[in-house]
Amino acid sequence: MSPRAVILIGAPGAGKGTMAEAIRTATPYAHVSTGDMLREAVKTGAPIGREAAPFMQRGELVPDAVIMRLIAARLEGGAPDSRYLFDGFPRTLPQAASLDAVFAQRGARLDGVFLLETPTAVVLQRLTGRRVCRACGAVYHLTNIPPRTPGRCDQCGGELYQRDDDREATILNRLDVFQRQTADVIAYYERRGLLARFDASAPREATIAALLAQLRRYLETPA
Ligand code: AMP
């Protein structure tokens, strides 16, 4: 047995977090989010965290070499038959090429790259309607998950507000940055026939079912 992996790519508002959580609970895939790992490293004051923090604070990508050290360390600690779900990685062509090299060295295989596609109008509807409780952090949506009393949290009565990054202009900018950053990586995997597109504007359960069905096919394919 050798390690195998799938990459999950989704624009802001595609529901990537929900999908990753569903995959984590329903399959043996280990969720490897470079964003989460970096935030943890910053919190604990680990050397990688100290290197990454200034870039993260400026909203820039962390240098490829730092990211590859993080990934190498994660693979090092994994069992030989591990299945990884990469989330937020690779973000650049050099990272994609380094992943290929690391995998070739270890006899590991990339089964597929899942792209969650969502029309801009759906992303705007999802994100501009989001409201968060100032007191306890509970998340609502004006139309999809409305609070019982407008503007008030069901759980603690706290005030609901809109995060700055859920405003329309900010969302359009985040989408633009995402598209520019990921275009090369998506094209790279598409050329190699590894890209699988999923309609993430469908109800979440339908998208999750489609992702899980594909992962089960990979799980049934011998190494
Ligand atoms: P995320 O939670 O995936 O949005 O990541 C949060 C931040 O961590 C990003 O804004 C980057 O600064 C950094 N980061 C996470 N993953 C990567 C990556 N693969 N390459 C470069 N920087 C990354």
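Whatever comes next refers back to the structure up there.
A few points on the structure. Per-chain numbering applies: the sequence of each chain, read as written, is numbered from 1 onward. In view of the model being predicted, local features appear only for residues whose pLDDT reaches at least 70, and side-chain atom pairs are presented and counted only at 80 or more, with totals across whole chains, interfaces and linings using the full set of residues. Water and hydrogen atoms were dropped before computing side-chain values, which therefore reflect all heavy atoms in the structure.

Observations concerning the sheet that holds strand β5 (residues 130–133)
Reasoning step 1: The three strands lie next to each other as β6-β5-β7, forming an open sheet whose pairing is antiparallel. Taken across any chain shown, the strands that pair with only one partner, and hence form the sheet edges, are β6 (139–141) and β7 (160–161).
Reasoning step 2: With three bridges joining them, β5 and β6 adopt antiparallel strand pairing. Each residue of the ladder has a partner; that of R130, found in β6, is H141.
Reasoning step 3: Any two residues whose heavy atoms approach within 4.5 Å are treated as being in contact. Here an axis means a line fitted to C-alpha atoms, over the contact stretch when the element is a helix, while the angle between two N-to-C directions is reported on a 0 to 180 degree scale. Secondary structure counts use DSSP, requiring at least four H or I residues in a row for a helix and at least two E residues in a row for a strand, with both numbered from the N terminus. In the packing of helix α6 (residues 120–128) onto the sheet, contacts are made with β5 and β6, and the angle to β5 comes to roughly 25 degrees. By definition, two strands form a pair when at least two bridges between them are found by DSSP.

Some details on the environment of T118
Reasoning step 1: Its place among the elements puts T118 in the loop between β4 (109–117) and α6.
Reasoning step 2: Each residue's exposure class comes from its accessible area (1.4 Å probe, protein chains only) as a fraction of the maximum for that residue type: buried when under 20%, exposed when over 50%, partly exposed otherwise. According to the relative accessible area criterion, T118 is buried, its value standing at 17%.

A look at the pattern of salt bridges
Reasoning step 1: Basic side-chain nitrogens of Lys or Arg form a salt bridge, by our definition, when they fall within 4 Å of a carboxyl oxygen of Asp or Glu. Across all of its chains, the model carries 18 salt bridges by this definition.
Reasoning step 2: Of the charged contacts, one joins R4 and D111 as a salt bridge, the two residues approaching to 2.8 Å between their closest N and O atoms. One end of the pair, R4, is in strand β1 (residues 4–10); the other, D111, is in strand β4, with 107 residues separating them in the sequence. The two residues R4 and D111 agree in class, both being buried.
Reasoning step 3: A salt bridge links R197 to E117, with the nearest nitrogen and oxygen atoms 2.6 Å apart. Of this pair, R197 sits in strand β8 (residues 195–199) while E117 sits in strand β4, placing them 80 residues apart in sequence.
Reasoning step 4: Through salt bridges with shared partners, one network takes in R4, R109 and D111.

Brief notes about the side chain of H141
Reasoning step 1: Here H141 is to be found in strand β6.
Reasoning step 2: In the analysis that follows, any N or O atom pair within 3.5 Å is treated as a polar contact, provided that within protein one partner can donate a hydrogen and the other can accept it, and provided that, for residues neighboring in sequence, both atoms belong to side chains. There is a polar contact of 3.0 Å between the side chain of H141 and the backbone oxygen of R126.
Reasoning step 3: A polar atom in the side chain of H141 sits 3.1 Å from the backbone nitrogen of N144.

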